[in-house]
Amino acid sequence: MPAVVVEHLAKSYEGNQAVEDVTFEVAEGEVFALLGPNGAGKTTVIEILEGFRRRERGRVEVLGYDPANHGTSRELREQMGVVLQELAVEPFLSVRQALTRNAGYYPNPRPVDEVLELVGLSEKSDDRVKSLSGGQQRRLDLGLGIVGNPRLLFLDEPTTGFDPSARRGAWEVVRALTGGGTTVVLTTHYMDEAEALADRVAVINAGHIVAQGAPGSLGGRDVGEASIRFRLSGTAGAPPLPVAARVSGGGAYEIKTGREVEVLAALTSWALREQVDVVGLTVERLTLEDVYLRLTGHAPDAGDPSGAAERE
Amino acid sequence: MGDVVLTARQVYYEQLNFWLNPIGAVFTVGFSVIFLLLVGSSAGHQRSSTLGGGLLISYYVPGFIAYGVMAACFNSLTINLVVRREMGLLKRVRLSPLPAWAMMAAVSANALIISAVQVVLVLLIGRFGYGVPFPHNLLALVVVLVVGAASFTALGLGTSTLVPNQEAGAPITSVVFFVLLFLSGLWFPLAASSGLAKFSSYLPVRHMIVAVYDASITQKGVSSWPWHDLVVMAAWGVVAAAVAARRWSWAPRQARSGRGRMLSGAGAAGRRRSQ
């Protein structure tokens with residue numbers, strides 16, 4: 001049984017269509033990332049899944065429950081964890097008090113000491129919440145999200161505002177959880193975060209899912225054109241390049257090709273034969289960010305939405 | 001049974017959170033004691049013709065009992081709820097398995113406990129500091145305090161839904177509260193025939209002060225059961241509860257700057273649709 005099923009979900013606010021037609025599934029144990037610019041509908045979708053907002057149309061199932069059903073909402077909430085964008089803890093409680101209190105809401109909570117360990121706050125456990133640094137408060141938030149030992153965890157931009165090492169730390173926590181079988185649905189602005197954590201991503205733009213798939217193949221980035229870049233030295237007297245290349249300023253060469261193996265073979269065998277040095281050789285495909293910007297229409301050259309159409 | 005324990009635990013953490021905040025504790029509980037000592041020491045020995053020649057202190061002791069209940073159940077509760085809503089605390093509670101009624105019950109019980117502490121402190125200071133006898137109809141006093149606490153808790157819940165943001169919470173609520181206290185005669189007894197008394201008799205604060213006074217102090221020709229005041233307070237409570245039920249929001253009213261809330265209308269729509 002999938003952990004989350006969303007079919008043709010729609011929601012509008014006072015005539016403005018926030019989510020028009022969203023369909024996706026999240027398998028049990030999967031980490032699923034929802035990517036999209038501000039205002040794309042990410043938060044609306046997440047809040048409908050959490051049971052915080054009501055949908056207008058479509059079918060939604062979360063751990064087998066309809067999140068809009070009042071009769072089962074408590075059962076559902078006992079099995080899900082939520083990490084919100086805002087820090088939301090009473091400032092005068094200690095870290096341990098806050099976690100202990102929330103643990104009491106759930107039938108099978110994770111031991112508080114284990115949570116403290118997981119989020120790296122063991123040494124701060126007796127400190128007041130208000131005395132924590134911003135990063136520590138967000139880690140406490142994460143701790144409150146997992147203290148109920150959830151089957152499904154919602155993370156709304158979990159590392160916004162973290163420094164790089166704190167982000168790595170948060171990723172480790174999420175990986176440790178998913179190792180234990182927890183399903184995670186997260187939203188993020190960071191492509192490296194989606195790439196590091198998610199088994200699957202969906203890009204949402206203007207209320208529609210415009211692409212979904214594994215981060216490595218989203219928008220066809222595993223196939224199609226690659227870009228080969230290099231510089232040359234010691235070319236005096238050598239015959240010209242065996243392949244067509246664009247020369248940019250400073251003597252850098254760039255080749256865009258869909259047949260990078262052949263091009264590389266021709267280039268490198270030519271270089272070896274003619275004893276030319278190929279300096280700084282790189283082969284790059286579209287980054288997830290390139291694909292994302294293209295899909296959401298924010299790329300400088302957003303002229304080619306074909307990748308979006310293929311994947312939909 | 002499980003839910004009773006759950007609610008009791010929640011009350012415990014509400015209390016913990018209240019008493020661990022020294023400024024909050026002093027401003028709420030301390031004020032009724034400090035005000036009583038201030039006015040009691042400066043004017044308590046004077047006699048008032050409005051009170052039929054009675055000592056002013058015998059007016060201030062019931063007055064500050066009423067004040068304590070209203071401060072905890074109305075003023076503090078309103079500010080507290082606005083802050084929690086805008087911080088996202090209410091949203092987090094909504095998304096946890098803690099039932100909404102358990103949270104409401106705990107928040108109200110917390111206000112009730114804080115009220116009770118103040119009532120006891122003021123009674124003791126009045127009795128042993130100024131020689132004001134204990135209330136003559138204790139049962140009536142308890143009924144007045146319970147009805148008053150319930151009404152002002154409902155008023156706190158309702159008012160919190162009318163305050164748009166966290167910054168406005170304390171100023172708006174406190175100014176309204178202290179103006180009402182002034183108009184309702186907390187600081188000096190109002191003659192029943194005065195314009196001020198007639199005006200403030202439409203508002204609940206005056207009735208709370210009068211009801212506590214009637215239940216506490218023996219007066220010739222006045223019943224110690226202030227039914228009329230109880231009815232007016234209860235009516236205000238019912239109206240406020242209806243406002244609260246209609247306008248209640250678990251989500252912050254104010255979009256966070258820099259963090260994309262959806263559309264400008266999202267807050268308003270979410271208010272009504274959020275369950």
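Definitions and limits used
Residues numbered from 1 in each chain as written. Chains lettered and ligands numbered in written order. Predicted model: local features only at pLDDT ≥ 70, side-chain atom pairs only at ≥ 80, totals over all residues. Heavy atoms only, no water. Domains from an automatic or database assignment. Helix = DSSP H or I, 4+ residues; strand = E, 2+ residues; numbered from the N terminus. Buried < 20%, exposed > 50% of the residue type's maximum accessible area, 1.4 Å probe, protein only. Contact = heavy atoms within 4.5 Å. Pairing = 2+ DSSP bridges. Axes fitted to C-alpha atoms, helices over the stretch in contact; angles between N-to-C directions. Buried area = accessible area lost by both parts, 1.4 Å probe. Salt bridge = Lys/Arg side-chain N within 4 Å of Asp/Glu carboxyl O. Polar contact = N/O pair within 3.5 Å; in protein donor to acceptor, adjacent residues only side chain to side chain. Nonpolar A, V, L, I, M, F, W, Y, C, P; charged D, E, K, R; others polar. Expected span 1.5 Å × (residues − 1). Arc of directions from axis to C-beta.

### A short note on the domain arrangement of chain A
Here is step 1: Along its sequence, chain A is carved into domain 1 (4-219) and domain 2 (226-284).
Here is step 2: Of note, the centres of domain 1 of chain A and domain 2 of chain A, computed from C-alpha atoms alone, are 46 Å apart.

### Observations concerning the environment of Leu 116 of chain A
Here is step 1: On the secondary structure map, Leu 116 of chain A appears in helix α4 (residues 112-118).
Here is step 2: In the structure, Leu 116 of chain A is positioned 89 residues away from Asn 205 of chain A in sequence and 37 Å away in space, judged by C-alpha atoms.

### So, helix α3 (residues 95-103) of chain A
Here is step 1: Along α3 of chain A, the residues that are buried comprise Val 95, Ala 98, Leu 99, Arg 101, Asn 102 and Ala 103 of chain A.
Here is step 2: Buried residues along α3 of chain A sit in contact with α4 and α5 (134-146) of chain A together with α1 (2-19) of chain B.

### Here we look at the sheet that holds strand β12 (residues 252-257) of chain A
Residues and elements named next belong to chain A.
Here is step 1: Taking strand neighbours across the sheet as the criterion, the four strands line up as β11-β12-β10-β13 in an open arrangement whose pairing is antiparallel. Pairing within the sheet leaves two strands with one partner each, and these edge strands are β11 (246-248) and β13 (277-284). For this sheet, the mean inter-axis angle between neighbouring strands, taken without regard to orientation, is 25°.
Here is step 2: Where β11 lies against β12, three bridges are found, and the strand directions are antiparallel.

### Quick word on the interface of chain A and chain B
Here is step 1: Facing the 48 residues of chain A at the interface are 38 residues of chain B.
Here is step 2: A combined buried area of about 4,200 Å² lies between chain A and chain B, and 55% of that area is made up of carbon and sulfur atoms.
Here is step 3: Linking chain A to chain B there are three salt bridges.
Here is step 4: Between Lys 91 of chain B and Glu 47 of chain A there is a salt bridge, and its shortest N-O distance comes to 2.5 Å.
Here is step 5: The interface formed by chain A and chain B includes eight residue pairs in polar contact (both at pLDDT 80 or more).
Here is step 6: For the side of chain A that touches chain B, the leading source of residues is helix α2 (residues 70-79) of chain A, giving four residues.
Here is step 7: Taken together, the residues of the side of chain A that touches chain B sort by class into 18 nonpolar, 14 polar and 16 charged.

### What to know about helix α7 (residues 166-183) of chain B
All names here are of chain B.
Here is step 1: Taking 1.5 Å per residue as the helical rise, α7 with its 18 residues ought to reach 26 Å, and the 26 Å between its terminal C-alpha atoms agrees with that figure.
Here is step 2: If you check which residues of α7 are buried, you get Ala 168, Gly 169, Thr 173, Phe 177, Leu 180, Leu 181 and Leu 183. Buried residues of α7 fall within an arc of 165° about the axis and therefore sit on the same side. Exposed and facing more than 90 degrees away from the buried side of α7 are Glu 167 and Val 175.
Here is step 3: The secondary structure elements touched by the buried residues of α7 are α3 (57-87), α8 (195-200) and α9 (204-216).
Here is step 4: Its side-chain oxygen 3.2 Å from the backbone nitrogen of Glu 167, Asn 165 forms the N-cap of α7.

### Details of the environment of Gly 207 of chain A
Residue and element names in this part refer to chain A.
Here is step 1: In this fold, Gly 207 is placed in the loop between β8 (200-205) and β9 (208-213).
Here is step 2: Look at Gly 207 and you get buried, because its relative accessible area is 0%.
Here is step 3: Residues Gly 207 and Gly 41, spaced 166 residues apart in sequence, show a C-alpha to C-alpha distance of 5.3 Å.
Here is step 4: Leave out the neighbours within four places in its chain, and Gly 207 touches Ala 18, Val 19, Glu 20, Asp 21, Val 22 and Ala 40.

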